[in-house]
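One-letter residues, chain by chain:
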Amino acid sequence: MHELGSRTSRSRVALIATALIAFLVLLTGCTVGSESGTATAPPEPAVEVTQNPASGTEDVNPVAPISATASQGTFTDISLVNAEGRAVQGVLSPDRTTFTVGEALGYGATYTWKGTALGTDGKSVAVDGSFTTVEPDETIGATLNIGDGQEVGIAAPIIVQFHESVEDKAAVEKAMTVTTNPPTPGSWAWLPDDNGSRAHWRPQNYWAPGTTVSLDARLYGLDFGDGAYGAEDLSLNFTVGRSQIVIANAPSHRMQVVRGGETIMDIPVSYGEGNEARNVTRSGIHMVTEKHEDFLMSNPPFYENVRERWAVRISNNGEFIHANPETIGVQGSSNVTNGCINLSLGDAQQYFGTAMYGDPVEVTGTSIDLSAADGDIYDWAVSWPEWQSMSALA
């Protein structure tokens, strides 16, 4: 009996030990499972991409700085594409951390980032996001009076003729830079609108011969005011040629052509009769703007479509220096024309060959002064202080 009891006790102890071991194994298993289940999530990739402007931005100016930057990593590939999928020009920095757009964007367009950035932890993220550029109510273009590379006379202004009226003239004027060599004092002035706003830049005095001039007008993307933006940038480079001035004193009935300080022509002419305002040759500094070997002239009710030879336009009011065989008998002694300066055929042809766009024609001795009423270029009829006051930045 004693022996049986002893065996029973040992069996009970063994069973308890087995159960305890099983419990410990189970407890250990639960602990391992619990640690695995509560482990923290993997860290985010170290690379962070910053876009300028931020994704979702609207009304972005198409010439504003546009870029994307990767920190704690580099770009594997990166591009900004338009709605048609065309990638815009841009530059990726040598360390592949910054992509900068290198061209102006379009108006009213959506642009999307595409690419991949690789973090220093070896993990990649996709580059995405988009923004939209401003959509103007209208865009305003402009034209220039001088051709790129042209040689002009010493009185030629720079004329920027806008196709519509400009509301914020000060902003536009600030965006137009004139550079001269040698340095030349000058100023912008806004003349009364004529089929759109018009800004003229002229030097304080006549250009020095040989001056080189450049215009850099950063108008694209510029807010012109009232919902309008610039349609395009403008640039211009030209050179001032020799000095040639026409001296035209009406009472003398003569005209001199002075080149480089020397008189190369001194000829008899006939000026406007002056019997009524329409027949008065205007006093003031005119400027050569056009040349025509043959030109049909009209001055109703006196004449219409009369063919004239060697015509040099000096004002938009119809004033020319031209040949007129019908006035040869009074050239040098009387003024009988309808406002033009009349020469003989030979003298007119000779002068025609010397004339250049921008040459000044200084008319004196008549009863009416050149003014805004006489057309588009009367710049030199305005005093310098008044001209400066016509700047939008005055």
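Since this is a predicted model, take the numbers as computed values, not measurements.

### Thoughts on the overall build of the protein
Thinking step 1. Helix and strand counts for the protein stand at four helices and 28 strands.
Thinking step 2. Burial analysis of the protein (394 residues in total) assigns 41% to the buried set.
Thinking step 3. Sequence separation of at least 24 residues holds for 63% of the intrachain contacts in the protein that already meet a minimum separation of 6.
Thinking step 4. Accessible surface computed for the protein: about 19,700 Å², of which carbon and sulfur atoms make up 52%.

### Observations regarding helix H3 (residues 345-354)
Thinking step 1. If you check which residues of H3 are buried, you get Asp347, Ala348, Tyr351, Phe352 and Thr354. Projected onto a plane normal to the axis of H3, the buried residues spread over an arc of 160° and lie on a single side.

### Some remarks on a negative patch on the surface
Thinking step 1. Together, Glu135, Asp137, Glu138, Glu164, Glu167, Asp168, Asp223 and Asp226 line one region of the surface with negative charge.
Thinking step 2. Structurally, Asp223 is set in strand E17 (residues 223-225).
Thinking step 3. A relative accessible area of 38% means that Asp223 is categorised as partly exposed.

### Comments concerning the nonpolar core
Thinking step 1. If you look at the biggest cluster of nonpolar residues, it comprises 37 residues, and the most contacted ones within it are Phe162, Met176 and Leu219.
Thinking step 2. Of all the secondary-structure elements, those providing two or more residues to this core are strand E12 (158-162), strand E13 (176-181), strand E14 (186-191), strand E15 (198-203), strand E16 (212-217) and strand E19 (234-240).
Thinking step 3. When neighbours within four sequence positions are excluded, Met176 is seen to be in contact with Val160, Phe162, Trp188, Trp190, Ala199, Leu215, Asp216, Ala217 and Leu219.
Thinking step 4. Counting residues in each nonpolar core, the second largest holds 23 residues, with Val257, Trp310, Val312 and Val363 among its members.

### Digging into the sheet that holds strand E28 (residues 360-364)
Thinking step 1. Strand order in the open sheet made by the five strands is E22-E21-E20-E28-E23, with mixed pairing throughout. What marks the edges here is a single partner per strand, and that holds for strand E22 (262-268) and strand E23 (284-287). Mean inter-strand twist for the sheet, computed between neighbouring axes without regard to direction, equals 20°.
Thinking step 2. With six bridges connecting them, strand E21 (residues 254-259) and E22 associate as antiparallel partners. Bridge pairing in E22 links Met255 to Ile267.
Thinking step 3. Across the sheet, H3 lies against strand E20 (244-249), E21, E22 and E28, angled at about 150° from E22, the strand it touches most.

### Quick word on the confidence of the model for the protein
Thinking step 1. With 88% of its residues at a pLDDT of 70 or more, the protein has an overall mean of 91.
Thinking step 2. Here residues 1-36 scores under 50 on pLDDT; set against residues more than four positions off or in separate chains, the count is zero contacts.

### As for the packing of aromatic side chains
Thinking step 1. Per the stated rule, a full pass over the model turns up eleven aromatic pairs.
Thinking step 2. Each ring, one from Tyr111 and one from Phe131, has its centre 6.0 Å from the other, and the planes form 25°; the classification is stacked. Pair noted here: Tyr111 is in strand E6 (residues 110-119) and Phe131 is in strand E8 (residues 130-132), with a separation of 20 residues, a long-range link.
Thinking step 3. Here the basic side chain of Arg202 rests over the ring of Trp387, its NZ or CZ set 5.3 Å away from the ring centre.

### Description of the pairing of strand E7 (residues 124-127)
Thinking step 1. Of the pairings in the sheet, the one linking E6 to E7 comprises four bridges and is antiparallel in character. Along E7, the bridge assignment pairs Thr116 with Ala126.
Thinking step 2. In this structure, the hairpin formed by E6 and E7 is closed by a connection of four residues, where Gly122 is found at a positive phi of approximately 85°.

### A short note on the side chain of Ser344
Thinking step 1. Looking at the element boundaries, Ser344 is found in the loop between strand E27 (341-343) and H3.
Thinking step 2. Apart from residues lying up to four places away in sequence, Ser344 is in contact with Ala323, Ile328 and Gln331.

### What about the pattern of salt bridges?
Thinking step 1. Taken as a whole, this structure holds eight salt bridges when the rule is applied.
Thinking step 2. Ionic pairing is found between Arg86 and Glu103, a salt bridge with its closest N-O pair at 3.6 Å. Of the two residues, Arg86 sits in the loop between strand E3 (73-81) and strand E4 (90-92) while Glu103 sits in the loop between strand E5 (98-101) and E6, which places them 17 residues apart along the sequence.
Thinking step 3. Members of the salt-bridge network, linked through shared partners, are Asp294, Arg307 and Arg309.

### Describing the sheet that holds E5
Thinking step 1. As summarised here, the arrangement of the four strands in space is E1-E2-E5-E4, forming an open sheet in which the pairing is antiparallel. Of all the strands in the sheet, just strand E1 (48-52) and E4 have a single pairing partner and so form its edges. Between one strand and the next, the sheet's axes are offset by a mean angle of 10°, whatever the strand orientation.
Thinking step 2. Pairing analysis gives three bridges linking E4 to E5, with the strands arranged antiparallel. Bridging from a neighbouring strand, Gly90 pairs with Val101 of E5.

### Regarding the environment of Val280
Thinking step 1. Note that Val280 resides in the loop between E22 and E23.
Thinking step 2. Separated by 58 residues in sequence, Val280 and Asn338 place their C-alpha atoms 7.1 Å apart.
Thinking step 3. The contact partners of Val280, leaving out residues within four places of it in the chain, are Gly274, Glu319, Gly339, Thr366, Ser367 and Ile368.

### Considering the environment of Glu167
Thinking step 1. Mapping Glu167 onto the fold places it in the loop between E12 and helix H2 (169-174).
Thinking step 2. Overall, the relative accessible area of 59% leaves Glu167 in the exposed class.
Thinking step 3. Linking Glu167 and Phe224, residues 57 residues apart in sequence, is a C-alpha distance of 6.0 Å.
Thinking step 4. Once you skip the residues sitting within four places of it in the chain, Glu167 turns out to touch Phe224, Gly225 and Asp226.

### A few points about the UniProt feature "active site" (unreviewed entry) in the protein
Thinking step 1. The residues that UniProt annotates with the feature "active site" (unreviewed entry) are His322 and Cys340. A compact arrangement is adopted by the annotated residues: their sequence extent is 19 residues, whereas the largest C-alpha distance between any two is 7.5 Å.
Thinking step 2. Within the secondary structure layout, His322 lies in strand E26 (residues 320-323).
Thinking step 3. Residues contacting His322, with those up to four places away along its chain left out, are Met297, Glu308, Arg309, Trp310, Ala311, Cys340, Ile341, Asn342, Leu343 and Ala348.
Thinking step 4. Looking at the element boundaries, Cys340 is found in the loop between E26 and E27.
Thinking step 5. Residue class for Cys340 comes out buried when judged on its relative accessible area of 8%.
Thinking step 6. Look past the residues within four positions of Cys340 in its chain and what remains in contact with it is Ser270, Tyr271, Gly272, Thr281, Gly318, Glu319, Phe320 and His322.

What counts as what
Residues numbered from 1 in each chain as written. Predicted model: local features only at pLDDT ≥ 70, side-chain atom pairs only at ≥ 80, totals over all residues. Heavy atoms only, no water. Helix = DSSP H or I, 4+ residues; strand = E, 2+ residues; numbered from the N terminus. Buried < 20%, exposed > 50% of the residue type's maximum accessible area, 1.4 Å probe, protein only. Contact = heavy atoms within 4.5 Å. Areas by Shrake-Rupley, 256 points an atom, 1.4 Å probe, with all protein chains shown as cover. Arc of directions from axis to C-beta. Patch = residues over 30% accessible without salt bridge, like charges linked within 9 Å, V, L, I, M, F, W, Y side chains within 5 Å. Salt bridge = Lys/Arg side-chain N within 4 Å of Asp/Glu carboxyl O. Lys, Arg positive; Asp, Glu negative; His and termini not counted. Charge placed at Lys NZ, Arg CZ, Asp CG, Glu CD. Core = buried A, V, L, I, M, F, W, Y, C linked by side-chain atoms within 4.5 Å. Pairing = 2+ DSSP bridges. Axes fitted to C-alpha atoms, helices over the stretch in contact; angles between N-to-C directions. pLDDT = per-residue confidence, 0-100. Phe/Tyr/Trp six-rings, centres within 6.5 Å; stacked < 30°, edge-to-face > 60°. Lys NZ or Arg CZ within 6 Å of the ring centre and 35° of its normal. UniProt positions renumbered as here; feature names shortened; annotations may be inferred.

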